[in-house]
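Results of the structural survey
In case you want the letters, here they are:
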Amino acid sequence: MRILVTGGAGFIGSNFITYMINKYPDYEIINLDALTYAGNLENLKHIQDHPKYLFIKGDIADPRIVDDVFQRSIDIVINFAAESHVDKSISDPGVFIRTNVMGTHVLLEAARKYRVGKFIHISTDEVYGTLGDTGLFTETTPLAPNSPYSASKAGSDLLVRSYHETYGLNINITRCSNNYGPYQFPEKLIPLMITNALQNKELPVYGDGLNVRDWIHVKDHCSAIETVMLKGKNGEIYNIGGRNERTNIEIVKTILIELGKPESLITYVEDRPGHDKRYGIDASKIIDQLGWIPEYNFFTGIKATINWYKNNMDWLQRIQTAAYQDYNNQTCVSSKV
Ligand SMILES: Cc1cn([C@H]2C[C@H](O)[C@@H](COP(=O)(O)OP(=O)(O)O[C@H]3O[C@H](CO)[C@@H](O)[C@H](O)[C@H]3O)O2)c(=O)[nH]c1=O
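Definitions and cut-offs
Residues numbered from 1 in each chain as written. Predicted model: local features only at pLDDT ≥ 70, side-chain atom pairs only at ≥ 80, totals over all residues. Heavy atoms only, no water. UniProt positions renumbered as here; feature names shortened; annotations may be inferred. Near = heavy atom within 4 Å. Areas by Shrake-Rupley, 256 points an atom, 1.4 Å probe, with all protein chains shown as cover. Helix = DSSP H or I, 4+ residues; strand = E, 2+ residues; numbered from the N terminus. Nonpolar A, V, L, I, M, F, W, Y, C, P; charged D, E, K, R; others polar. Pairing = 2+ DSSP bridges. Axes fitted to C-alpha atoms, helices over the stretch in contact; angles between N-to-C directions. Contact = heavy atoms within 4.5 Å. Phe/Tyr/Trp six-rings, centres within 6.5 Å; stacked < 30°, edge-to-face > 60°. Buried < 20%, exposed > 50% of the residue type's maximum accessible area, 1.4 Å probe, protein only. Parallel < 35°, antiparallel > 145°, perpendicular 65-115°, else oblique. Left-handed = near helix turned anticlockwise from the far one by under 90°.

The name given to the protein chain in an unreviewed UniProt entry is dTDP-glucose 4,6-dehydratase, with the source organism recorded as Paenibacillus allorhizosphaerae. The heading Cofactor (unreviewed entry) in the UniProt record of the protein chain holds the text "NAD(+)".

Here's what the structure looks like:
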C-alpha cells in the first residue's frame, strides 16, 4: 500500500502521518509538501529516517512535480495540502485559489491519468457557511461559504465531486470541524492564545467572543480519516466533528485558568469581516455507517495540548525565526520508498 499524503508537514497532515506510520508500519507514505510558512518538517523529525517514509518538497499546483510523484504508483491520495487560515484569506485570497482550487485540480488530473485507486479530499465544515443558534450541518446541507478560504475549499470539493461523476474516480470528501492538538501553527485560536498567554501578551478576541466552534482533537480527526480510507463508500462525503461546541471566550478563559494567567490579558478587538457565527456538525453518518469512534475528552485533550505548548516553547521560537526556513530547506529529501 503506497499512500501519497499532500501537505503532510502541516498540523493535521503531520499528525496523520505519525498516526499511520505507528499503526501501519508496512504502509509506504510519501509526503509531498511545499513547506510554506505553516509546514514544519520538525513535526516529523521522529520518523524522518523511517524506511517506509519519503518526503518530497513540492507544490501541488506544479503539474511537473505532481506528475513525477504519481509515476511512483500511488494507491491512495490523501489531500491535506491547503492554505487554511481564514484571516489570511481575507487579506490575500489569491494564494488560496491557487493552492486549494488549482492545486487540487492538478492532483485530480494526475489521479485520473495514473488511475489512482482512491482520492480522499480533506475539507472543512466551513463550506456550509454559518448556523444560527440551532441546527447542525449534515452532508446534504447546501454549500454557502462566506470567506475566500471556505469558498476555495468548496470549489475544490466540487471539483473532486465532478471527477467522480465524470471520470468515475473513486473519491471521498471529509469535512471536519476545528482541530486542536500538538504542532498547530500559532495563528489559529487555541495555539495563539496559549502561546500569547505563556508570553504574557494580549489575547485578541474578535468581536464579542461569542462565536461558536466545534472542537475536535487532531488525533480523533486522524482516526476518522483512517476509517474513511478503510471503509468509506465510493463517492461519499463524511462530516467529522467532536460534538463539542464552545464559544471562543470560553476557550480563551479555559486556557487562562489552566495557565494561571489573569483575564486582564484578554483584549476585545475588531471583528473578522464576514465572521461565521456558529459551526455545529452532525457526524452521525461516519459514526453509524462506518463505525468511527472519537476518543478524546475535550478537557483532558485541551490540558494535554496546553502542556505540550508549555513544554515546546523552543519549537515555537524556532518556527517563528527565519533560520527555521533554512532547516526546512536543508532537510528536504530522504529517499527509501
Ligand atoms: C485567530 C483568532 C481567531 N479568533 C476567533 C475566530 C473564530 O471564531 C475562532 C477560531 O478561529 P480560527 O482558529 O482562525 O479558526 P476558524 O476560522 O474557525 O477556522 C478553522 O477551522 C476550520 C474548520 O471549522 C478549518 O477549516 C480552518 O482551516 C481553521 O482555520 O476564533 C479570535 O477571536 N481571535 C484570534 O486571534
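Now that the structure has been shown, we can carry on.
**Brief notes about the site of the ligand**
In the neighbourhood of the ligand, 25 residues make up the surrounding shell, with Asp125, Glu126, Tyr149, Arg272 and His275 lying closest. Surface burial for the ligand is 95%, taken as the share of its 690 Å² of free accessible area covered by protein chains. Among the secondary structure elements, those contributing two or more residues to the shell around the ligand are α3 (86-91), α6 (189-198) and β8 (203-206). Of the residues belonging to the shell around the ligand, the class tally is ten nonpolar, eight polar and seven charged.

**Brief notes about the sheet that holds strand β1 (residues 2-6)**
Taken together, seven strands build an open sheet; the order of strands is β3-β2-β1-β4-β5-β6-β10 and the sheet is parallel. The open sheet has two edge strands with one neighbour each: β3 (53-57) and β10 (237-240). The sheet shows a mean angle of 20 degrees between the axes of neighbouring strands, direction not considered. Of the pairings in the sheet, the one linking β1 to strand β4 (residues 76-79) comprises four bridges and is parallel in character. In the sheet register, Thr6 faces β4, and the bridge partner there is Asn79. Strand contacts of helix α4 (residues 94-113): β1, β4 and β5 (118-124), with the helix running at about 165 degrees to β5, the strand carrying the most contacts.

**What about the packing of aromatic side chains?**
For the coordinates displayed, the defined rule picks out 15 aromatic pairs. Here the aromatic rings of Phe16 and Phe80 are separated by 5.3 Å at their centres, their planes lie at 45 degrees, and the arrangement is tilted. Residue Phe16 is located in helix α1 (residues 11-23), and its partner Phe80 is located in the loop between β4 and α3; the two are separated by 64 residues in the primary sequence. The class of Phe16 is buried, set by a relative accessible area of 0%. Its relative accessible area of 11% is what places Phe80 among the buried residues. These aromatic residues form a ring-pair network of at least three members: Tyr183, Trp308, Tyr309 and Trp315.

**Comments concerning the sheet that holds strand β9 (residues 212-217)**
The three strands lie next to each other as β7-β9-β11, forming an open sheet whose pairing is mixed. Of all the strands in the sheet, the pair left with one neighbour each is β7 (178-180) and β11 (245-247). Mean inter-strand twist for the sheet, computed between neighbouring axes without regard to direction, equals 50 degrees. As judged from the three bridges shared by β9 and β11, these two strands associate in the antiparallel manner. Of the residues in β11, the one forming a bridge with Asp214 is Glu245.

**A closer look at the packing of helix α8 (residues 248-259) against helix α10 (residues 298-311)**
The relative placement of two packed helices is expressed as an angle between their axes plus a distance between the axes. It is the contact of α8 with α10, at a shortest axis distance of 11 Å, that shows an interaxial angle of 60 degrees. Classified by the interaxial angle, the pair formed by α8 and α10 is oblique. As for the relative orientation of α8 and α10, their crossing is right-handed in sense. Residues Ile251, Thr254, Ile255, Glu258 and Leu259 of α8 touch α10, and the partners they reach there are Phe298, Phe299, Ile302, Lys303, Ile306 and Lys310. Across the contact of α8 with α10, the residue classes tally to seven nonpolar, one polar and three charged.

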